[in-house]
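# Per-entry structural report
What follows is each chain in one-letter form.
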Amino acid sequence: MKEIFLLIDNGKILDKVFTNSIENAELIFKRDRDWIFSDTAYCISEADYLAETELNSLESQSYEG
């Protein structure tokens, strides 16, 4: 099943691709789109990114109260 994968660097979304695996997404980012991965750049599924963002939001709210 295909899904959206994001290329993230320093918290910013640089690119996205619709494919069936994270391995294919990384290959597309590297080969077809000439992105260079660094210590701060990584690939993640959009669903995981949204879940992580929501979790971080909830954690920061709990520290405010």
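Below: a short report on this structure. (Residues numbered from 1 in each chain as written. Predicted model: local features only at pLDDT ≥ 70, side-chain atom pairs only at ≥ 80, totals over all residues. Heavy atoms only, no water.)

### Observations regarding the pairing of strand E1 (residues 3-9)
On a regular strand, one side chain projects to one face of the sheet and the next to the other, so that they alternate. Convention followed: Summary of the burial criterion: residues with accessible area below 20% of their type's maximum are buried, those above 50% are exposed, and those between are partly exposed, where the area comes from a 1.4 Å probe applied to protein chains only. Think of it this way: any DSSP run of H or I at least four residues long counts as a helix, any run of E at least two long counts as a strand, and we number them from the N terminus. DSSP-based pairing: two strands are paired if at least 2 bridges between them are found.
Of all 7 residues making up E1, 5 are buried, and the element is well covered by its neighbours. As defined by bridge partners, E1 adjoins strand E2 (residues 12-19) across 7 bridges and the pair is classed as antiparallel. Its bridge partner lying in E2, Phe5 is registered against Val17. Counting the residues between successive antiparallel strands, the hairpin from E1 to E2 contains 2 residues, one of them, Asn10, with a positive phi of roughly 50°.

### Let's talk about the pattern of salt bridges
Quick reminder of the rule: Here, a salt bridge means any Lys or Arg side-chain nitrogen found within 4 Å of an Asp or Glu carboxyl oxygen.
The tally for this structure, following the rule as stated, stands at 2 salt bridges. Of the charged contacts in the structure, one is a salt bridge between Asp15 and Arg33, with a shortest N-O distance of 2.8 Å. On the criterion of sequence distance, the pair formed by Asp15 in strand E2 and Arg33 in the loop between helix H1 (22-32) and strand E3 (41-45) is long-range, its members being 18 residues apart. Relative accessible area serves as the criterion here: at 16%, Asp15 is assigned to the buried category. Assessed through its relative accessible area of 36%, Arg33 is described here as partly exposed.

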